[in-house]
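Chain residues, written in single-letter form:
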Amino acid sequence: MRLELLDYVRLSAALAVLWFHYCFNGIANGKVTGLTHTPLLAGAAQYGYLGVALFFMISGYVIFLSAARRTAIEFVGSRMLRLFPAFWAAMLTTALFATAWGGDKMSVSIPQIIANSIMVPSVFGYAPVDGVYWTLKYEIIFYLSVTTLLGLRLGAYLPQIALVWPLVQLVLSESHNNFALMSGWYCFFAAGSCLAAMKSSPTPWVLPALMVSLFLCCKFAVTTARPELSHLVVGSLIVLFFILLALLSLPKFSELRLPGAAYAAALSYTIYLVHAHIGYMTLSQLSPIIGPVGAYLATLMLVFGLAVAIHLLVERRLRPFWTWLFHFANERPS
């Protein structure tokens with residue numbers, strides 16, 4: 001059964017990141033020119049980057065609920081179908097904007113575009129076409145790890161693995177080695193998986209695992225926050241994220257029917273992919289012409305329009321082709 005409240009939470013995470021980039025980060029890093037910070041908006045928007053943490057928690061939650069019912073091949077196909085079509089369309093659209101308006105900070109090259117097609121351009125020594133793509137590397141490593149577990153026929157044990165994961169992270173948290181999946185942003189994936197285990201297979205071990213996970217997430221968020229941010233606000237937001245996902249274990253919330261939930265889920269990804277550099281370039285171009293308010297309104301209309309177009313034209317209309325392509329790619333003999 002679809003968790004429609006989770007779809008709304010996912011869209012809220014995307015909008016929080018957009019708010020962070022448009023009202024604070026883009027101006028602070030010089031990618032948005034012609035605009036200055038509005039103190040009230042910028043002060044609150046600084047915390048919007050934590051939408052990424054919520055995204056990672058949702059990934060951990062959704063994957064650990066759904067992956068156990070799939071084979072490794074089915075899981076890879078479903079993830080590729082979800083991630084790549086929208087990404088390719090968004091990346092090429094961003095590259096077109098960068099060709100026209102990118103300047104020194106956001107210009108792209110043909111080799112860079114080709115390297116970005118696999119989502120992890122650093123493998124070939126290139127930077128992402130859009131800075132927000134850094135999160136995709138974490139998602140892909142997480143998916144590869146789940147694929148490995150499924151390939152080893154351990155899918156039935158995912159709830160137990162979910163509860164052990166934060167405990168291993170805690171043991172290794174003081175290590176000076178950066179073990180894959182055991183530190184940093186992966187604490188949020190582990191948190192989501194623990195919350196999923198609480199929903200699917202509640203046991204007495206869930207509470208200690210959740211407490212450890214909450215501690216690790218708060219510790220990472222607070223210690224990596226910029227000095228000007230309130231540790232109390234950062235920690236409180238992380239606690240709020242845990243509460244939101246924990247509510248999904250209650251029938252009253254998991255069975256909640258909300259209008260447009262499927263669109264909220266779909267557009268959260270496409271909005272995230274197209275909003276940053278395209279938004280920065282559009283704000284910079286339009287603000288001297290139509291002023292700050294007009295530039296923000298026009299940019300939001302453009303970004304939401306592109307997100308809807310990619311979803312409807314690329315993801316939905318071409319879905320039969322993408323389904324054939326990714327199943328074909330996964331079923332070819334090695």
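Residues numbered from 1 in each chain as written. Predicted model: local features only at pLDDT ≥ 70, side-chain atom pairs only at ≥ 80, totals over all residues. Heavy atoms only, no water.

### Describing the nonpolar core
Cut-off, in case you're wondering: Take the buried residues of types Ala, Val, Leu, Ile, Met, Phe, Trp, Tyr and Cys, join any two whose side-chain atoms come within 4.5 Å, and each joined set is a nonpolar core. A simple rule labels every residue: compare its accessible area, found with a 1.4 Å probe on the protein chains alone, to the largest value its type can have, and call it buried under 20%, exposed over 50%, or partly exposed in between. Strands here mean DSSP runs of E at least two residues long; helices mean DSSP runs of H or I at least four residues long; both are numbered from the N terminus. Any two residues whose heavy atoms approach within 4.5 Å at even a single point are treated as in contact.
By size, the foremost hydrophobic cluster in this structure holds 113 residues, and its most contacted members are Met119, Phe188, Val234, Ile238 and Phe242. Here this core takes 17 residues from helix α13 (residues 261-316), the largest share from any one element. In this view, Ile238 contacts Leu50, Phe188, Leu214, Cys217, Cys218 and Ala221; residues no more than four positions away in its chain are not counted.

### Observations concerning the environment of Ser287
With respect to the element layout, Ser287 can be found in helix α13. As a C-alpha pair, Ser287 and Val108 span 179 residues in sequence and 23 Å in three-dimensional space. Setting aside residues up to four positions removed in sequence, Ser287 forms contacts with Thr33, Gly34, Leu35, Pro292 and Ala295.

### Focus: the pattern of salt bridges
Stated precisely, the cut-off is as follows: Salt bridges are defined by distance alone: a side-chain nitrogen of Lys or Arg within 4 Å of a carboxyl oxygen of Asp or Glu.
Across all of its chains, the model carries five salt bridges by this definition. Arg2 serves as the salt-bridge partner of Asp7, at 2.6 Å between the closest nitrogen and oxygen. Classification of Asp7 as buried rests on a relative accessible area of 3%. Residues participating in the shared-partner salt-bridge network are Arg2, Asp7 and Arg10.

### Concerning unusual backbone geometry
Its identity as a non-glycine residue notwithstanding, Met119 has a phi of 75 degrees, on the positive side. Its place among the elements puts Met119 in the loop between α6 (110-116) and α7 (134-151). Although it is not a glycine, Arg153 sits at a positive phi angle of roughly 60 degrees. Mapped onto the elements of the fold, Arg153 is located in the loop between α7 and α8 (158-172).

### Describing the packing of helix α1 (residues 4-28) against α13
Helix-helix packing is described using two parameters, namely the angle between the two axes and the distance between the axes. Rule in force here: As a rule, the C-alpha atoms of each element are fitted with a line to give its axis, helices using only the stretch in contact, and angles between N-to-C directions run from 0 to 180 degrees. Between 65 and 115 degrees an angle is taken as roughly perpendicular, under 35 as roughly parallel, over 145 as roughly antiparallel, and anywhere else as oblique. The hand of a helix crossing depends on one turn: near helix anticlockwise from the far one by less than a right angle means left-handed, and clockwise means right-handed. Note that Gly is not counted as nonpolar here; it falls among the polar residues with everything else outside the nonpolar set of Ala, Val, Leu, Ile, Met, Phe, Trp, Tyr, Cys and Pro and the charged set of Asp, Glu, Lys and Arg.
The contact between α1 and α13 brings their axes to 9 Å, and the two run at 25 degrees. For the element pair α1 / α13, the angle class is roughly parallel. Crossing hand, α1 versus α13: right-handed. Per-class residue counts for the contact of α1 with α13 are 22 nonpolar, seven polar and three charged.

### Looking at the packing of aromatic side chains
The criterion, for reference: Planes of paired rings set the category: under 30 degrees apart is stacked, over 60 is edge-to-face and the rest tilted, where pairs are Phe, Tyr or Trp rings (Trp by its six-membered ring) whose centres lie within 6.5 Å. The criterion for a charge sitting over a ring is simple: Lys NZ or Arg CZ within 6 Å of the ring centre, and within 35 degrees of the ring normal.
The final tally for this structure, using the stated rule, is 29 aromatic pairs. Sitting over the face of the ring of Tyr143, Arg79 holds its NZ or CZ atom 5.3 Å from the ring centroid. The cationic tip of Lys137 hangs over the ring face of Tyr138; the distance from NZ or CZ to the ring centre is 5.4 Å.

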